[in-house]
Amino acid sequence: MPPVLYIGNQNYSSWSMRAWLVMRWGKIPFETRVLQLGGPGYGERQMSTVLAVSPSGTVPALHWDGEVISDSLAISEWAAERAPTLWPRDETARAYARAATCEMHSSFGALRAKLPCNLRRRAEPRRWSEDVDREIARIEAVWALLYARFAGTGPYLFGASPTIPDAFFTPVATRFRSYAVTLSSECQRYADSLLGNEAFQAWQAESTREVWSMPEWDGA
Ligand SMILES: N[C@@H](CCC(=O)N[C@@H](CS)C(=O)NCC(=O)O)C(=O)O
C-alpha cells in the first residue's frame, strides 16, 4: 500500500499544497485523499473527517506503514529522506533553504490572515496594512537574496529543480496573484516560475473541479 496523503480543499489549503508538491517533486508514489474543511456543519463533521486521520486536527497528514505524521514540514523532511534532492546539495545553500522554509512555516501571520489562500480569487489591487506590507517586503527580500546567491540561471531559488522552499513559497505566489500584489520584476519572474510549474498546474487543475466554497474566505 503506497503512502496516503490526506489534504484539505485544494482551492484553500495552502499547507496541503506544500506537502503535496514536495511529494510530487520527490517522485514519491502516493495516493491523495481530499477532505472537505469548513462549510455548513463542519463542527460536527470535523470529528469524522480530519480528526479521524490526523490527531492534530490539521491537514496535511501522511499515513504510511501504520504511521501518521501531520505537519507539512515534517512530511517534507520525510520525503527528503527518500528524495535527497528536495534540499539543495551544497551545505551552505541547504542551511539557507532550511531557514527560508522554517521562516515561512512559522511566520507571516498577517499575510496568511488577510490574504487567505484562494486559488480562484482575483481581487482588485488595494492598500495593505503596515504589518502585511512589512511581511511582503520581507518575502521579497528573502527571494531576492536566495535568488542572487543560489539560483544561478534559475528558475527556482536553488537552481533548475524545485526544492522544499519553493513548495513553501508556492501558496505565497498564488496569494500575490489572487490579491494583485505588485512585486519587483525579479520576484514576479520567480513567482511566475512557481505558478508555471507542472505539478502546481496539476494541483490547480484539480482545484478548479472542486465544488466546495468557503464564503467567509471568498470575501477577503
Ligand atoms: N503547521 C501545520 C498547519 C496545518 C494547518 O493549519 N492546516 C489547516 C488547513 S490549510 C487545517 O488543517 N485546518 C484545520 C481545519 O480547517 O479544520 C502544517 O504545517 O501542516
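It should be noted that the structure appears before, not after, this text.
This report concerns the structure included in the present document.

Rules of the game
- Residues numbered from 1 in each chain as written.
- Predicted model: local features only at pLDDT ≥ 70, side-chain atom pairs only at ≥ 80, totals over all residues.
- Heavy atoms only, no water.
- Salt bridge = Lys/Arg side-chain N within 4 Å of Asp/Glu carboxyl O.
- Helix = DSSP H or I, 4+ residues; strand = E, 2+ residues; numbered from the N terminus.
- Buried < 20%, exposed > 50% of the residue type's maximum accessible area, 1.4 Å probe, protein only.
- Pairing = 2+ DSSP bridges.
- Axes fitted to C-alpha atoms, helices over the stretch in contact; angles between N-to-C directions.
- Contact = heavy atoms within 4.5 Å.
- Nonpolar A, V, L, I, M, F, W, Y, C, P; charged D, E, K, R; others polar.
- Arc of directions from axis to C-beta.
- Phe/Tyr/Trp six-rings, centres within 6.5 Å; stacked < 30°, edge-to-face > 60°.

## Some thoughts on the pattern of salt bridges
Working step 1: For the structure on display, the rule yields 4 salt bridges.
Working step 2: For Arg98, the salt bridge is made with Glu77, and the minimal N-O distance between the two is 3.6 Å. Separated by 21 residues along the polypeptide, Arg98 in helix α5 (residues 91-106) and Glu77 in helix α4 (residues 72-82) bring together distant segments of the chain.
Working step 3: Judged by its relative accessible area of 33%, Arg98 is partly exposed.
Working step 4: Between Arg138 and Glu103 there is a salt bridge, and its shortest N-O distance comes to 2.7 Å. Residue Arg138 is found in helix α7 (residues 130-150), and its partner Glu103 is found in helix α5; the two are separated by 35 residues along the sequence.

## Here we look at the sheet that holds strand β1 (residues 4-7)
Working step 1: An order of β2-β1-β3-β4 is seen for the 4 strands of this open sheet, with the pairing classed as mixed. Edge positions in the sheet fall to β2 (31-34) and β4 (67-69), since each of these pairs with one other strand and no more. With strand direction ignored, the average angle separating the axes of adjacent strands in the sheet is 20 degrees.
Working step 2: Here β1 runs beside strand β3 (residues 61-64); their pairing, made up of 3 bridges, is antiparallel. Each residue of the ladder has a partner; that of Val4, found in β3, is His63.

## Here we look at unusual backbone geometry
Working step 1: The step from Val59 to Pro60 runs through a cis peptide bond, and the omega angle for that step is 10 degrees.
Working step 2: Tracing the chain through its elements places Pro60 in the loop between α3 (50-53) and β3.
Working step 3: In this structure, Pro155 follows Gly154 across a cis peptide bond, with omega equal to 10 degrees.
Working step 4: With respect to the secondary-structure elements, Pro155 resides in the loop between α7 and α8 (164-178).
Working step 5: Unusually for a residue other than glycine, Ala180 sits at a positive phi of about 50 degrees.
Working step 6: Here Ala180 is to be found in the loop between α8 and α9 (185-196).

## Looking at the packing of α9 against helix α10 (residues 198-208)
Working step 1: The geometry of α9 relative to α10 is characterised by a closest axis approach of 5 Å and an angle of 65 degrees between their N-to-C directions. In contact with Leu194, Leu195 and Gly196 of α9, α10 contributes Glu198, Phe200 and Gln201.
Working step 2: Taken together, the residues of the contact of α9 with α10 sort by class into 3 nonpolar, 2 polar and 1 charged.

## Digging into α10
One turn of an α-helix holds 3.6 residues; hence residues three or four places apart share an orientation.
Working step 1: Listed in full, the buried residues belonging to α10 are Ala199, Phe200, Trp203, Gln204 and Ser207. End-on, the buried residues of α10 take up no more than an arc of 140 degrees, which puts them together on one face. Exposed and facing more than 90 degrees away from the buried side of α10 are Glu198 and Thr208.
Working step 2: The inward-facing, buried residues of α10 abut β1, α1 (14-25), α8 and α9.

## Some details on the packing of aromatic side chains
Working step 1: Counting across every chain of the model gives 11 aromatic pairs.
Working step 2: Ring geometry for Tyr12 against Trp217: centres 5.8 Å apart, planes inclined by 75 degrees, an arrangement best described as edge-to-face. Here the residue Tyr12 occupies a position in the loop between β1 and α1, and Trp217 occupies one in helix α11 (residues 215-218), the gap between them amounting to 205 residues.
Working step 3: Overall, the relative accessible area of 34% leaves Trp217 in the partly exposed class.
Working step 4: On the numbers, 6.1 Å between centres and 80 degrees between planes, the contact of Trp128 with Tyr179 is edge-to-face. Of this pair, Trp128 sits in the loop between α6 (109-114) and α7 while Tyr179 is found in the loop between α8 and α9, placing the two residues 51 residues apart along the sequence.

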